[in-house]
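Observations on the model geometry
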Amino acid sequence: MQPELLLQFSVIRGLRLPKTELTSKIDAYVKVKAGTFSAKTRTRDDEDNPVWDESFFFTVPMSASKSPAGIITLELWDSNTLKDTHVGTARLDLSALQPSQLGYIELPLAWEKEKYGKQGRQSRLVVGVPGWIASFGTLMSALHQVPGALFNTVSRHAYVPLPHPSLPHGLLYLGCEYEADAVDFKVFVTQPNAPLFVDLAMAGRQHTKVRRRVYRDGFKVLPGLTVFEEIKLDDVPLSTDLRQLMVLAFDKALLWTLNADQVVSSHGWRGALGFAEACRALHSVDVDYKEQEIFMSLPNDVPGVPPEAMLLVDYDKNDVDIKLAVLSTPSAMDKGYDITLHSGQPIKKTSEIFLPPKSKIEGRYQVARIYELDDVAYGTSFSDILLHKF
């Protein structure tokens with residue numbers, strides 16, 4: 001099978017499109033064709049400089065240099081009540097593109113009727129190629145001989161064990177799950193109560209967002225792969241160089257555990273407090289009034305030593321989010337942190353990594369990581385929340 005790429009292709013806008021009627025401008029849409037793929041944009045009525053800004057995902061041949069090849073045909077149409085009119089055609093030869101051209105490409109049109117060209121408007125279609133990645137079929141061909149590799153050809157999901165000399169084979173799996181308009185990258189932990197804490201980060205990326213799920217009783221991804229924790233990299237564009245993906249594994253030997261109620265009580269928290277009430281009632285806290293965030297030191301901090309982590313109470317619209325903020329300190333760099341619940345229910349979490357650290361409260365704190373519980377049931381109290389350091 002010839003190697004293929006999954007391509008993200010954007011139809012951005014039209015420039016100076018011709019009039020198709022005497023009394024109005026064109027009601028324009030674009031048909032996109034590549035191999036067996038065919039789709040079209042929305043219609044922009046009565047607009048000679050329409051903006052579509054729509055993305056399409058389809059497979060194209062992979063060249064010897066592992067870049068896109070093939071022809072993309074773009075047909076400009078005018079929407080009419082009885083019958084739409086084919087106005088012009090543009091073609092993009094992917095193999096002729098230079099990397100610097102991919103973001104914004106202006107294509108001239110070949111007209112279906114001479115009258116459109118005679119208007120002298122120098123019409124263009126503007127497109128872009130934000131990124132690409134190996135197609136599912138190409139990935140499966142490359143990985144099918146890897147010991148332990150598993151595939152679901154219906155859902156287009158691929159899973160391979162992550163090798164590491166100090167970890168049992170198959171303890172960690174990397175998943176590439178192809179969706180209609182994206183590829184999700186996940187790391188799975190395949191043993192309950194595994195002796196490590198796993199995180200993900202992208203080298204060279206200022207902000208990495210990760211979604212986490214804990215399955216206390218296990219979750220069957222497919223036959224032969226049951227997982228107990230899922231770590232998903234969020235918002236990954238197809239242009240991402242996966243060689244920059246870093247899997248961070250920390251020894252899960254507990255250094256300390258704190259109950260969140262211990263933290264807030266040590267600062268004077270009593271009962272339910274709104275933001276204004278908390279600012280008045282609490283002591284020894286730092287407040288970001290613009291973001292409505294309250295930073296609380298932990299009761300096990302050593303006096304005179306810069307804190308490694310803080311409890312962050314974030315008043316987000318109508319909700320109150322409880323987070324663990326890890327600061328950029330030398331002592332925290334090689335440590336793992338977590339926030340979790342006492343209960344046995346499945347837990348959903350979000351973690352974020354900032355490279356360089358994110359400055360908070362006028363530079364007072366440099367935040368390197370944030371851990372947050374997602375979709376916490378109404379009525380959950382501080383006493384239900386645990387903070388860990390590994």
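In the annotation of an unreviewed UniProt entry, the chain is listed under the name C2 domain-containing protein and assigned to Tetradesmus obliquus.

**Observations regarding the pattern of salt bridges**
In total, this model carries 17 salt bridges according to the counting rule given. Between Glu177 and Lys186 there is a salt bridge whose closest N-O contact spans 2.9 Å. Note on accessibility: Glu177 and Lys186 belong to one class, buried. Among the salt bridges present, the one from Lys389 reaches Glu308, with a minimum N-O distance of 2.5 Å. One end of the pair, Lys389, is in strand E26 (residues 385–389); the other, Glu308, is in the loop between strand E20 (293–297) and strand E21 (309–316), with 81 residues separating them in the sequence. Grouping residues by exposure puts Lys389 and Glu308 together as buried.

**As for the nonpolar core**
Within the largest apolar cluster, 35 residues are counted, with the highest numbers of intra-cluster contacts made by Trp269, Ile294, Met296 and Leu387. Broken down by element, the residue count for this core peaks at four residues, all from E21. Those residues in contact with Met296 that sit more than four places away from it in its chain are Val263, Val264, His267, Trp269, Leu282, Val285, Met310, Leu311 and Val313. The next biggest cluster of nonpolar side chains, apart from the first, holds 31 residues, and it includes Leu5, Val30, Val32 and Val87.

**Looking at the pairing of strand E25 (residues 365–374)**
With nine of its ten residues buried, E25 lies for the most part within the structure. The sheet contact formed by strand E22 (residues 319–327) and E25 spans five bridges and is antiparallel. Counterpart to Leu324 in the pairing with E25 is Tyr371. One ladder, built from nine bridges, connects strand E24 (residues 347–360) with E25; its direction is antiparallel. When the bridges of E25 are listed, Lys358 appears paired with Val367.

Rules behind the numbers
Residues numbered from 1 in each chain as written. Predicted model: local features only at pLDDT ≥ 70, side-chain atom pairs only at ≥ 80, totals over all residues. Heavy atoms only, no water. Salt bridge = Lys/Arg side-chain N within 4 Å of Asp/Glu carboxyl O. Buried < 20%, exposed > 50% of the residue type's maximum accessible area, 1.4 Å probe, protein only. Helix = DSSP H or I, 4+ residues; strand = E, 2+ residues; numbered from the N terminus. Core = buried A, V, L, I, M, F, W, Y, C linked by side-chain atoms within 4.5 Å. Contact = heavy atoms within 4.5 Å. Pairing = 2+ DSSP bridges.

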